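Single-letter residue listing:
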Amino acid sequence: SAPAKRPGDDAPPATLHVRIRDRVDAVGEETYFKVKWSTRMDRVFQAYAARKRTPIGELRFRLPGGDRDVEAHETSTSLGLEDLALIDCFRAAATDEVE
């Protein structure tokens with residue numbers, strides 16, 4: 001006979017991995033973060049900015065193909081993310097370089 005199921009066997013994992021893809025320098029480098037489903041995205045974005053030594057105000061974050069920035073208060077659950085979800089990082093405002 002099959003072993004008895006314990007409560008929680010079918011529960012989703014407590015954490016997931018979120019990938020931030022660097023679109024600032026068009027390098028496509030991905031940085032992985034292990035987060036809880038309830039973790040606010042601003043914590044992930046702050047950690048990413050610190051790792052890249054870039055002020056958070058200079059960065060924008062979007063889901064691939066998305067038409068709006070990911071808001072700081074949103075979570076993996078509210079965004080409907082899955083494990084290994086990808087979020088693109090861009091510069092907040094492209095400035096024209098003066099020659």
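I will try to describe carefully the structure that is included in this document. Predicted, not measured: the structure shown is a model, and the values here were computed from it.

What counts and how
Residues numbered from 1 in each chain as written. Predicted model: local features only at pLDDT ≥ 70, side-chain atom pairs only at ≥ 80, totals over all residues. Heavy atoms only, no water. Helix = DSSP H or I, 4+ residues; strand = E, 2+ residues; numbered from the N terminus. Buried < 20%, exposed > 50% of the residue type's maximum accessible area, 1.4 Å probe, protein only. Contact = heavy atoms within 4.5 Å. Expected span 1.5 Å × (residues − 1). Arc of directions from axis to C-beta. Salt bridge = Lys/Arg side-chain N within 4 Å of Asp/Glu carboxyl O. Pairing = 2+ DSSP bridges. Axes fitted to C-alpha atoms, helices over the stretch in contact; angles between N-to-C directions. Phe/Tyr/Trp six-rings, centres within 6.5 Å; stacked < 30°, edge-to-face > 60°.

### Let's talk about the environment of Leu84
Phase 1 of the analysis: Considering the arrangement of structural elements, one finds Leu84 in the loop between helix H2 (76-79) and strand E4 (85-91).
Phase 2 of the analysis: On the basis of relative accessible area, Leu84 is assigned to the partly exposed category, the value being 41%.
Phase 3 of the analysis: In this structure the C-alpha to C-alpha distance between Leu84 and Tyr32, which are 52 residues apart in sequence, comes to 8.2 Å.
Phase 4 of the analysis: Beyond its immediate chain neighbours, meaning those up to four positions away, Leu84 contacts His17, Arg19 and Tyr32.

### Quick look at helix H1 (residues 41-52)
Phase 1 of the analysis: Under the 1.5 Å per step criterion, the end-to-end length of H1 is 16 Å for 12 residues, consistent within 8% with the ideal 16 Å.
Phase 2 of the analysis: Within the span of H1, buried status applies to Met41, Val44, Phe45, Tyr48 and Ala49. Buried residues of H1, seen end-on, are gathered within an arc of 130° and therefore sit on one face of the element. With respect to the buried face of H1, the exposed residues turned more than 90 degrees away are Arg43 and Ala50.

### Let's talk about the pattern of salt bridges
Phase 1 of the analysis: For the structure shown, the criterion picks out 10 salt bridges.
Phase 2 of the analysis: Between Glu58 and Arg91 there is a salt bridge; the shortest N-O distance is 3.6 Å. One end of the pair, Glu58, is in the loop between H1 and strand E3 (59-62); the other, Arg91, is in strand E4, with 33 residues separating them in the sequence.
Phase 3 of the analysis: Overall, Glu58 belongs to the partly exposed group, its relative accessible area being 37%.
Phase 4 of the analysis: Residue Arg91 is classed as partly exposed on the basis of its relative accessible area, which comes to 39%.
Phase 5 of the analysis: Each of the salt bridges in this network shares a partner with another, and the network as a whole consists of Arg21, Arg23 and Asp88.

### Quick notes on the sheet that holds strand E1 (residues 15-22)
Phase 1 of the analysis: Taken together, four strands build an open sheet; the order of strands is E2-E1-E4-E3 and the sheet is mixed. At either end of the open sheet lies a strand with only one pairing partner, and these are strand E2 (30-36) and E3. Pairs of neighbouring strands in the sheet enclose a mean axial angle of 30°, with direction left out of account.
Phase 2 of the analysis: This element, H1, spans E1, E2, E3 and E4 of the sheet and lies at about 145° to E2.

### Notes on the pairing of E2
Phase 1 of the analysis: Across the two faces of E2 the burial differs, with Thr31, Phe33 and Val35 buried and Glu30, Tyr32, Lys34 and Lys36 not buried at all.
Phase 2 of the analysis: As defined by bridge partners, E1 adjoins E2 across seven bridges and the pair is classed as antiparallel. From the neighbouring strand, Leu16 faces E2, where its bridge partner is Val35.

### A word on the packing of aromatic side chains
Phase 1 of the analysis: Scanning the entire structure with this criterion turns up three aromatic pairs.
Phase 2 of the analysis: Taking the centre distance of 6.4 Å and the plane angle of 65° together, the rings of Phe33 and Tyr48 count as edge-to-face. Of this pair, Phe33 sits in strand E2 while Tyr48 sits in helix H1, placing them 15 residues apart in sequence. Here the two residues Phe33 and Tyr48 agree in accessibility, since each one is buried.
Phase 3 of the analysis: Between Tyr48 and Phe61, the ring centres sit 5.9 Å apart and the planes meet at 85°, which makes this aromatic pair edge-to-face. With a gap of 13 residues between them, Tyr48 in helix H1 and Phe61 in strand E3 connect regions that are remote in the sequence. Assigned by exposure class, Tyr48 and Phe61 land together as buried.

By themselves, these observations are geometric and do not establish any function.
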